[in-house]
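This is what each chain is made of:
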Amino acid sequence: MGEVIVVTSGKGGVGKTTTAANIGTGLAAQGKKVVLMDTDIGLRNLDVVMGLENRIVYDIVDIANGNCKLKQGMIKDKRFPELYLIPAAQTKDKNAVNEEQVRAICEELRQEVDYVIVDCPAGIEQGFKNAIAGADRAIVVTNPEVSAVRDADRIIGMLEANGLGNPVLVLNRVRPNMVKQGDMMSVEDILEILAIKLLGVIPDDDNIVISTNRGEPTVLDQQSRSGQAYRNIVKRIMGEEVPLMNLDEQEGFFTRLMKLFKGN
Amino acid sequence: MAGFLDKLFGGSKNSKDVAKDRLKLVLIHDRASLSPTMMENLRKDLVQVISKYLDFDENALDVQMAEQDNMTMLEVNIPVANVKRNSGM
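As a starting point, this report considers the structure included with it. (Residues numbered from 1 in each chain as written. Chains lettered and ligands numbered in written order. Predicted model: local features only at pLDDT ≥ 70, side-chain atom pairs only at ≥ 80, totals over all residues.)

So, the overall build of chain B
Part 1 of the argument: Per the secondary structure count, chain B includes 3 helices and 4 strands.
Part 2 of the argument: Secondary structure of chain B in N-to-C order comes out as α-α-α-β-β-β-β.
Part 3 of the argument: Counting all 89 residues of chain B, 1% fall into the buried class. (Helix = DSSP H or I, 4+ residues; strand = E, 2+ residues; numbered from the N terminus. Buried ≥ 20, exposed ≤ 12 C-beta atoms within 10 Å, placed from the backbone.)

This is how it looks when you write it as structure tokens:
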């Protein structure tokens, strides 16, 4: 029996879709059978992040309404034979599917695969309720910013109210130098405020933009630091104990020279 | 650089501490789901109850949520003018 994990955040733009794509792809790279499901109806994006936008025939609304079989709606990934994407519908609105339908799809999927990773839309309306309907556990993504942490707190409360207690946190876009200077909340600060278990920390990394440009999840890039952070997260999801990576940025000679001139 | 100068001259505290303090306060309200309107209603009700026993300036009664030693507290400050002689009768 597979496990259904929802990736959520409350606030938009904190890296939910990127996180879902990288976790799903990372699990597939570990030999797991995985379905990535986009529930952000009307604003689908998991397809482009995964580089699968040209392969879409059916979407989640088609599956929910029985216009196609579940297997037909699962798009095969280019890289891994046992990684699939169920895209959101782009032309419908967020009420085009309901919680019962999503729950039924999740139940059917968990018979077939090891992990179902559900990408949740921003907000706390119907789309959120749909996304969490079939989930066994939840991952909350946030950034070290006041607005994102506030929304994460609200989402944690709503998850608990809906039977998804003990969600885990992914802290995305951490800039170690700013933390060091006291201008960005640290992992410890945020854990203290949210009182939640940490799944992983992703450093702010230009490679995320580059890999999204190409439609290649950064988790497959052995050189990138964010990729390493996602690989660690994947292992933790699979039950391994992996220590947090050292986030300190390696500074090149030029960077240090610039700093010398700037005086800090 | 600006931050460095601030620290050098003992100026403002780290911006992350400001963020943390603001977040803590805003989350107290969010979690208690007490809107400013509800806080005002609570204040009015308190005025009504307490004025049965004490003389005080209604406008000076101050109600707010606060956090201390990891405990959420409802702070009510009431400058008392007079304890009513016949209270409790």
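Section: the interface of chain B and chain A
Part 1 of the argument: Of the residues lining the interface, 15 residues belong to chain B; the matching set on chain A comes to 16 residues.
Part 2 of the argument: Among the elements of the structure, helix 1 (2-8) and helix 2 (15-32) of chain B are those that each provide at least two residues to the side of chain B that touches chain A.
Part 3 of the argument: In terms of residue count, helix 2 of chain B provides more of the side of chain B that touches chain A than any other element does, 11 residues in total.
Part 4 of the argument: A breakdown of the residues in the side of chain B that touches chain A according to their chemical character gives 6 nonpolar, 3 polar and 6 charged. (Contact = placed C-beta atoms within 7 Å. Nonpolar A, V, L, I, M, F, W, Y, C, P; charged D, E, K, R; others polar.)

Focus on the pairing of strand 5 (residues 115-119) of chain A
Residues and elements named next belong to chain A.
Part 1 of the argument: Of all 5 residues in strand 5, 5 are buried; the element is thus mostly enclosed.
Part 2 of the argument: Residues Tyr115, Ile117 and Asp119 line one face of strand 5 and the alternating positions Val116 and Val118 line the opposite face, and both faces are buried.
Part 3 of the argument: Judged from the 5 bridges that link them, strand 1 (residues 3-8) and strand 5 form a sheet pairing that is parallel. If you follow Ile5 over to strand 5, its bridge partner there is Ile117.
Part 4 of the argument: By the bridge criterion, 5 bridges tie strand 2 (residues 34-38) to strand 5 in an arrangement that is parallel. The partner of Val34 across the bridge, within strand 5, is Tyr115. (Pairing = 2+ DSSP bridges.)

Some thoughts on the sheet that holds strand 1 of chain A
Residues and elements named next belong to chain A.
Part 1 of the argument: Read from one edge of the open sheet, 8 strands run 3-4-2-5-1-6-7-8, paired in mixed fashion. Of all strands in the sheet, those with a lone pairing partner are strand 3 (75-76) and strand 8 (197-203), marking the two edges.
Part 2 of the argument: When strand 2 meets strand 4 (residues 83-86), the two strands line up parallel, connected through 4 bridges. Considered in strand 4, the bridge of Leu36 is made with Leu85.
Part 3 of the argument: Sitting on the sheet, helix 1 (residues 16-29) touches strand 1, strand 2, strand 4, strand 5, strand 6 (137-142) and strand 7 (168-174), and the angle it makes with strand 5 is about 165°.
Part 4 of the argument: Along the sheet, helix 6 (residues 126-133) makes contact with strand 1, strand 5 and strand 6, crossing strand 1 at roughly 155°. (Axes fitted to C-alpha atoms, helices over the stretch in contact; angles between N-to-C directions.)

A few points about the environment of Lys69(A)
Part 1 of the argument: For Lys69(A), the position within the fold is in the loop between helix 3 (60-64) and helix 4 (70-73).
Part 2 of the argument: Sequence separation between Lys69(A) and Val174(A) is 105 residues; the distance between their C-alpha atoms is 42 Å.

Examining the packing of helix 1 of chain A against helix 11 (residues 225-237) of chain A
When two helices pack together, you describe them by how their axes are tilted relative to each other and by the distance separating the axes.
Residues and elements named next belong to chain A.
Part 1 of the argument: One way to put it is that helix 1 packs onto helix 11 with a least axis distance of 9 Å and a crossing angle of 65°. Classified by the interaxial angle, the pair formed by helix 1 and helix 11 is roughly perpendicular. Crossing of helix 1 over helix 11 shows right-handed handedness. From helix 1, Asn22, Ile23, Gly26 and Leu27 reach across to helix 11, where they touch Tyr230, Arg231, Ile233, Val234 and Ile237. (Parallel < 35°, antiparallel > 145°, perpendicular 65-115°, else oblique. Left-handed = near helix turned anticlockwise from the far one by under 90°.)

Brief notes about unusual backbone geometry
Part 1 of the argument: Of note in the backbone geometry, Asn166(A) takes a positive phi value of approximately 55° without being a glycine.
Part 2 of the argument: Its place among the elements puts Asn166(A) in the loop between helix 7 (146-161) and strand 7.

Some remarks on helix 1 of chain A
All names here are of chain A.
Part 1 of the argument: An ideal rise of 1.5 Å per residue puts 20 Å on 14 residues; helix 1 measures up with 20 Å between its terminal C-alpha atoms.
Part 2 of the argument: Across the 14 residues that make up helix 1, a large majority, 13, are buried.
Part 3 of the argument: One or two steps after helix 1, the chain reaches Gly31, where phi turns positive at roughly 90°. (Expected span 1.5 Å × (residues − 1).)

Brief notes about the environment of Ile86(A)
Residues and elements named next belong to chain A.
Part 1 of the argument: Following the sequence through the fold, Ile86 ends up in strand 4.
Part 2 of the argument: Residue class for Ile86 comes out buried when judged on the 26 C-beta atoms lying within 10 Å of it.
Part 3 of the argument: Ile86 sits 25 residues away from Val61 along the chain, and the two C-alpha atoms are 9.9 Å apart.
Part 4 of the argument: Excluding residues that lie within four positions of it along the chain, Ile86 makes contacts with Val35, Met37, Asp38, Ile60, Ile63, Gly73 and Met74.

A short note on the nonpolar core
All names here are of chain A.
Part 1 of the argument: Judged by nonpolar contacts, the single largest core of 73 residues is most densely connected at Val35, Leu36, Val116, Ile117 and Val118.
Part 2 of the argument: Element by element, the count of residues in this core is highest for helix 7, at 6 residues.
Part 3 of the argument: Excluding its chain neighbours within four sequence positions, the residues that come into contact with Val118 are Val4, Ile5, Val6, Val7, Met37, Thr39, Ala131 and Ala135. (Core = buried A, V, L, I, M, F, W, Y, C linked by C-beta atoms within 7 Å.)

Shape is all these values report; function is a separate question.
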